[in-house]
Each structure stands twice: as C-alpha cells, then as structure tokens.
Amino acid sequence: MIDRHILILDDILDNGQTLAVIREKLETAKPRNIRICVLLSKKKQRARHVAGDYVGFEIEDEFVVGYGLDFMERYRNLPYIGVLRKELIAQPD
C-alpha cells in the first residue's frame, strides 16, 4: 500500500474509536494519504479525535435507523434514516 491513496468509508462517525484504530493500522503501510468519508457524523465530543474529510450529514447525538442502519436487526430496510424513539431503545424485545 505504499504510495497509495486510501479512502475509508463508514456509515456513522460516533465516538471515533473504530475509525481511529483503523486509520492507525493503515498508517503503518505508509500510504500517500488517508481520507475518511462518512454518511453521518454525530455532533458530540469524541473519545478519540477523528474528523470526517467527507461528511454527508451532521446529526444530533441520537440513535438512528433505516437505510441500512439497524437496531437489534430491525428497521434496517427503511427507505429513509430516522431517529429511534427512546422507549424502543429502553425496552427491546
């Protein structure tokens, strides 16, 4: 991967842990550059400093589902992204 451009694609930039670890591992291969592209970036303090270079939408710190995002294997097939009601998170089946 030396002298290559790398683009990491992810659905949500939340606390930054996962993307930070992935970026660190890829940096050991000495790429030309690493960029991060996310569909959604939550507006919140992150555990690790990670910023998306390309961000589709910034959202509040809420649990979202739909368009491939799920909660306990549900709601993934919704044709839109929506906020999951808090009472559904608190009392899963």
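Here, every reference points to the structure presented above.
Residues numbered from 1 in each chain as written. Predicted model: local features only at pLDDT ≥ 70, side-chain atom pairs only at ≥ 80, totals over all residues. Heavy atoms only, no water.

> In this structure, what is going on with the sheet that holds strand β3 (residues 54-59)? I would like to understand it.
By way of backbone hydrogen bonds, the strands of a sheet pair with one another, either parallel or antiparallel. Read across the sheet, three strands follow the order β1-β2-β3 without closing on themselves; strand pairing throughout is parallel. Two strands in the sheet have a free side with no partner beyond their single neighbour: β1 (5-13) and β3. On average, adjacent strands in this sheet sit at an angle of 20° to one another, irrespective of strand direction. The pairing of strand β2 (residues 33-42) with β3 spans five bridges and is classified as parallel. Opposite V38, over in β3, you have V55 as the bridge partner. With respect to the sheet, helix α1 (residues 17-27) is in contact with β1 and β2, its orientation differing from that of β1 by roughly 170°. (Pairing = 2+ DSSP bridges. Helix = DSSP H or I, 4+ residues; strand = E, 2+ residues; numbered from the N terminus. Axes fitted to C-alpha atoms, helices over the stretch in contact; angles between N-to-C directions. Contact = heavy atoms within 4.5 Å.)

> Any chance you could explain the nonpolar core here in plain terms?
Most often, soluble globular proteins keep nonpolar side chains buried together rather than apart. Core analysis: the largest hydrophobic core is formed by ten residues, namely I6, I8, L13, L19, A20, L26, I34, I36, V38 and V50. Mapped by element, the contributors of at least two residues to this core are β1, α1 and β2. Apart from residues no more than four positions distant in its own chain, I34 is found in contact with I6, I8, R23, L26, E27 and D53. Core analysis: the second largest hydrophobic core is formed by five residues, I12, L40, I59 and L69 among them. (Core = buried A, V, L, I, M, F, W, Y, C linked by side-chain atoms within 4.5 Å. Buried < 20%, exposed > 50% of the residue type's maximum accessible area, 1.4 Å probe, protein only.)

> Any chance you could explain the environment of Q45 here in plain terms?
With respect to the helices and strands, the residue Q45 is situated in the loop between β2 and β3. Note on Q45: relative accessible area 74%, which makes it exposed. Between the C-alpha atom of Q45 and that of D14, which follows or precedes it by 31 residues, the distance is 8.9 Å.

> Would you mind going over the pattern of salt bridges with me for this structure?
When their charged atoms lie close together, side chains carrying opposite charge are able to pair. Across all of its chains, the model carries ten salt bridges by this definition. The partner of D61 in a salt bridge is K42, and the shortest N-O contact between them spans 3.8 Å. Taken together, the residues D61 in the loop between β3 and β4 (64-65) and K42 in strand β2 connect sequence positions 19 residues apart. D61 sits in the partly exposed class, given a relative accessible area of 44%. Among the salt bridges present, the one from E60 reaches K43, with a minimum N-O distance of 3.3 Å. (Salt bridge = Lys/Arg side-chain N within 4 Å of Asp/Glu carboxyl O.)

These values are about where atoms sit, not about what they do.
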